[in-house]
Amino acid sequence: MKLALSVLCTFIVFTVSVQCAETIPTINIDKNGIMRWSDNREEASFYGVNYTLPFAHAYRAIHYIGKNHKEAIDKDVYHFARLGFNAYRIHVWDVEISDSTGNLIENEHLDLLDYLIAKLQKRNIRILLTTMTNFGNGYPEKNQPTEGFSYLYDKCKIHSDKNAVLAQTNYIRQFVQHTNPYTGRSYKDDPYIIGFEINNEPCHAETPEQTKKYINQMLSALKKAGNTKAVFYNVSHNLSHVNAYYDTSIQGTTYQWYPSGLVAGHTRKGNFLPYVDDYHIPFSKISGFDKKTKAVYEFDPADIIGSYIYPAMARTFRSKGFQWITQFAYDPLDIAWANTEYQTHCLNLAYTPGKAISMKIAAEVAYTIPRHAPFEKYPNDTLFNNFHVSYLQNLSELNTPEKFFYSNRTTSLPVMPERLEEIAGCGNSPTVQYEGTGAYFLDRLEAGLWRLEVMPDAIQLCDPFGKTSLKKEALTVVWNTWNMKIELPDLGADFNITGVNTGNTYQNKSSDATFPIQPGVYLLKRAGHTSSHSWTPSTAWKNILLGEFAAPENRSKTCAVLHQPAKAAESNKPLLIEIQVIDSSFPDSVLLYTDKISFWYKNNPVLKMKRTHAYTYQVEVPANEIKEGFFKYTIVVFKNGKTRTFPANVEGNPLDWDYYTTEYWTIPVVNTENPIDLLTITDENSGLERYAIPEWSYMTASLNTKNRKEANLLDFKFTINAPDTRFIWRKYIKEQIEARQETLQKVRYLCLILKNTKGIERLKAGFVTSDGFTYTSVFKADSNADLIKIPLSELLPDKTNLLPSPYPVFLGRYFVPDAPIPFRTTAIETLEIATLDDLPQDAEISLGNVWLE
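Residues numbered from 1 in each chain as written. Predicted model: local features only at pLDDT ≥ 70, side-chain atom pairs only at ≥ 80, totals over all residues. Heavy atoms only, no water.

**A few points about the sheet that holds strand E14 (residues 387-390)**
Spatial strand order, E13-E14-E15-E16-E17-E19-E20-E27-E24-E25: 10 strands in an open sheet with mixed pairing. Of all strands in the sheet, those bounded by a partner on one side alone are strand E13 (383-384) and strand E25 (507-509). Pairing analysis gives 5 bridges linking strand E24 (residues 495-499) to strand E27 (residues 520-526), with the strands arranged antiparallel. Looking across to E27, one finds that Thr498 is bridged to Leu523. In the packing of helix H9 (residues 353-368) onto the sheet, contacts are made with E13, E14, strand E15 (395-399), strand E16 (403-406), strand E17 (422-425) and strand E19 (440-446), and the angle to E16 comes to roughly 135 degrees. (Pairing = 2+ DSSP bridges. Helix = DSSP H or I, 4+ residues; strand = E, 2+ residues; numbered from the N terminus. Contact = heavy atoms within 4.5 Å. Axes fitted to C-alpha atoms, helices over the stretch in contact; angles between N-to-C directions.)

Put into structure tokens, the structure is as follows:
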């Protein structure tokens, strides 16, 4: 059944696909730079994604794993429809569809782009095409050789070299004139394509006059090709050329936003809502600024797995007047488990369901929040209109009489449950109780009849933002059967459940609104209800078919135990151990063994773990087992007469005579009187992030182990390439804090070891809290004082450094709250140390351990 369920019907015909071009509303940009629909002159607003499967690594990766590109596109475009997107953007890899002089090459890449465009149109999704990337097709691999003209020129010279410009004018003319065989229309005449962006993130190394000349050359080529659509150009790069951009007749300007930087190599942690509170454009007063429409070609809270940010970013974009907003980039379903396409981004309905539902909610923000709507400053803008975002709850939420969407478990009551038309969520709510970890959708077809769609469970196996590989599974899905309870006045407590998608023969009745369910599509019919319509799997509804379903096959082949041991524990205090046991069915039992057991002992201490929710198991280790030193333990999973022991992940049991491994999870156990260690210098990294504002400057570190009688130091030197540079050290320490709750109530001082200071007069140190607020205290960097003790009572509200550097580079680097929240030790998340003054080039400092006492 599971194989059949995962097959997506690809023969979809919607009435929109057979409309004449003349009857399909198009997009016009009026004299005030506002995108409007051609039929009713109302303002347009678009929200969606970038998606690159026809090109580059995504194209190759689908080949590597033996999948069909067009079938992959079908599945992903269906998910775009389920998430409510109405916009799609792609920067076309011209190197893969052109020759050395800019002639368009008809090949599989172009065919797949054509196919994708046709499939998007059938879902009523509009398209913005960026005609050129002017760079290679390799990332994350090496560039693959092609005949493309962009390989012949440096990206920063391709806009000024005479031959390169000739190739581009030739290419862009042929590109917009190309006829899509799946739609029968050229790109320039396709009503679903709203316009063309000339190129992706141009590098203009010549004069602004030359930049203006280049843009006009491209505009002229497009006009001669017969294009009448809007033409867009990137204005968030090359700020010294902004006047040149606005001196041309481009109708649209494009921007990006990566508030948390790019390619951290790991999941970024902390509250990033202050980072997305504002999008200040420093050239907004330039002549002509308000006469050109604004589009976000790419954005993403990169390296963040949380599901709370997208609606906040959409809110800020709308407050600045943006009408086109497309995230970069949605991962194709067939390779999302590895996250190899762009390791700094991670978004897919099946594998990151919470983030995907957050995107669905953000789309509603884009569609319902007026342009230039004003909002209060964070944190007062976390509740706006019908939306709610929460870092602590990892939650995005939309709650209207008709729609109830939530990206994570919520206790919010739907405002008018009797009027609900649509529900989309993850986890439990007052309306839907469900243990599974995948997304689900409920849509009212008519009074007493609903469509239910349930996705498989999504599990994160390791950090998806770390080094990726198609040989490593970062995310997985599991098909399981869970109870679901749906409390809707329109359905009542008794309703019939019928499988609808291909191969789904499920038939059941609810009991007290509860029933067992596994991934698939179902019709829920109120008891005694007689439908006024014939609903079949092939019935068209909105922009989908009733029986459509797309989900990956069950990837869980063997049992896995996921666990992150605590950073520390306090002696003689009970210790809660929590794990996830990932399998397609429940184990018979799960036991915890310590390192105090032996095959030779008659009585061995053992603790039985209890399933608390979904795949989660817990056990509390008694206080008398938690002694100073180290607590070591293994987890043994029993199922069908077999055992498997973790973390070694080996068959057998530690009490078997031939059990051979000595691998344990280990937690340091300390006395409650011990300080709370925040930073221990062990190597040149030591978990310490290093930044400079502005980012053109930097610092280097070397490990100092010269004095064996003392703890290690990190010696820092500085390279200063800009005036007013400030250097910042940060470390995320929430786990250390959480493990020492009793001691945390008693600490009074932040202590630092600083030595060998040269050219540095003052520093400040303190914390960033879960509110996203910063509290610091200033102190003298005395080279004769090795130990700095800062009373926590002296920590004062400070501006929050927005680190790492955001893109575009013109964005602000600080957040200053209007009304600071009082400092609380229980809210500490990040340690921060920073310079306050300009430093000489020969400045030095040595940083040692940091702790609370």
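There is more to say after this.
**Concerning the pattern of salt bridges**
Here the structure, examined in full by the defined rule, presents 46 salt bridges. Here Lys485 makes a salt bridge to Asp512, at a shortest N to O gap of 3.6 Å. Placement of Lys485 in strand E23 (residues 482-486) and of Asp512 in the loop between E25 and strand E26 (514-517) is noted, with a sequence separation of 27 residues between them. Since its relative accessible area comes to 22%, Lys485 is described here as partly exposed. Because the salt bridges share partners, they merge into one network encompassing Arg82, Asp443, Arg451 and Glu453. (Salt bridge = Lys/Arg side-chain N within 4 Å of Asp/Glu carboxyl O. Buried < 20%, exposed > 50% of the residue type's maximum accessible area, 1.4 Å probe, protein only.)

**Some thoughts on the packing of aromatic side chains**
In the structure shown here, the tally under the stated rule is 53 aromatic pairs. Between Tyr279 and Phe810, the ring centres sit 6.1 Å apart and the planes meet at 80 degrees, which makes this aromatic pair edge-to-face. With Tyr279 in the loop between strand E10 (252-257) and strand E11 (293-299) and Phe810 in the loop between strand E51 (800-801) and strand E52 (814-815), this pair connects stretches of sequence that are 531 residues apart. Both residues of the pair, Tyr279 and Phe810, count as buried. Stacked on the ring of Trp337, the Lys or Arg Arg555 has its end atom at 4.2 Å from the ring centre. (Phe/Tyr/Trp six-rings, centres within 6.5 Å; stacked < 30°, edge-to-face > 60°. Lys NZ or Arg CZ within 6 Å of the ring centre and 35° of its normal.)

**With respect to the side chain of Asn170**
The topology assignment puts Asn170 in helix H5 (residues 162-177). For Asn170, a relative accessible area of 16% translates into the label buried. In terms of polar contacts, Asn170 uses its side chain to reach the side chain of Asn103, at 3.0 Å. At a separation of 2.8 Å, a polar atom in the side chain of Asn170 contacts the side chain of Arg173. Excluding residues that lie within four positions of it along the chain, Asn170 makes contacts with Thr101, Gly102 and Asn103. (Polar contact = N/O pair within 3.5 Å; in protein donor to acceptor, adjacent residues only side chain to side chain.)

**As for the nonpolar core**
In terms of nonpolar packing, the biggest core is built from 187 residues, with Tyr47, Phe175, Phe718, Leu750 and Leu852 touching the most fellow members. Element by element, the count of residues in this core is highest for H9, at 8 residues. In this structure, Phe404, Trp482, Met484 and Ile486 belong to the second largest nonpolar core, which totals 31 residues. (Core = buried A, V, L, I, M, F, W, Y, C linked by side-chain atoms within 4.5 Å.)

**A word on the packing of helix H3 (residues 69-82) against helix H4 (residues 108-122)**
At a minimum axis separation of 10 Å, H3 and H4 run at an interaxial angle of 30 degrees. Of the possible angle classes, the one that applies to H3 and H4 is roughly parallel. As H3 runs across H4, the sense of the crossing is right-handed. Counting all contacts with H3, which are made through His69, Lys70, Ile73, Asp74, Val77 and Phe80, the residues of H4 involved are Glu108, Asp111, Leu112, Tyr115, Leu116, Lys119 and Leu120. Residues of the contact of H3 with H4, tallied by class, amount to 7 nonpolar, 1 polar and 5 charged. (Parallel < 35°, antiparallel > 145°, perpendicular 65-115°, else oblique. Left-handed = near helix turned anticlockwise from the far one by under 90°. Nonpolar A, V, L, I, M, F, W, Y, C, P; charged D, E, K, R; others polar.)

**Re the sheet that holds strand E4 (residues 87-91)**
Taken together, the 8 strands give a closed barrel; going around it, the order is E3-E4-E5-E8-E9-E10-E11-E12, and neighbouring strands pair in parallel fashion. Across the sheet, the axes of successive neighbouring strands diverge by a mean angle of 25 degrees, strand direction being ignored. Both strand E9 (residues 230-234) and E10 contribute to a ladder of 3 bridges, which runs parallel. Across the sheet, Phe232 pairs through a bridge with Gly252, a residue of E10. Where H4 meets the sheet, it contacts E4 and strand E5 (126-130), and its direction lies at approximately 155 degrees from that of E5.

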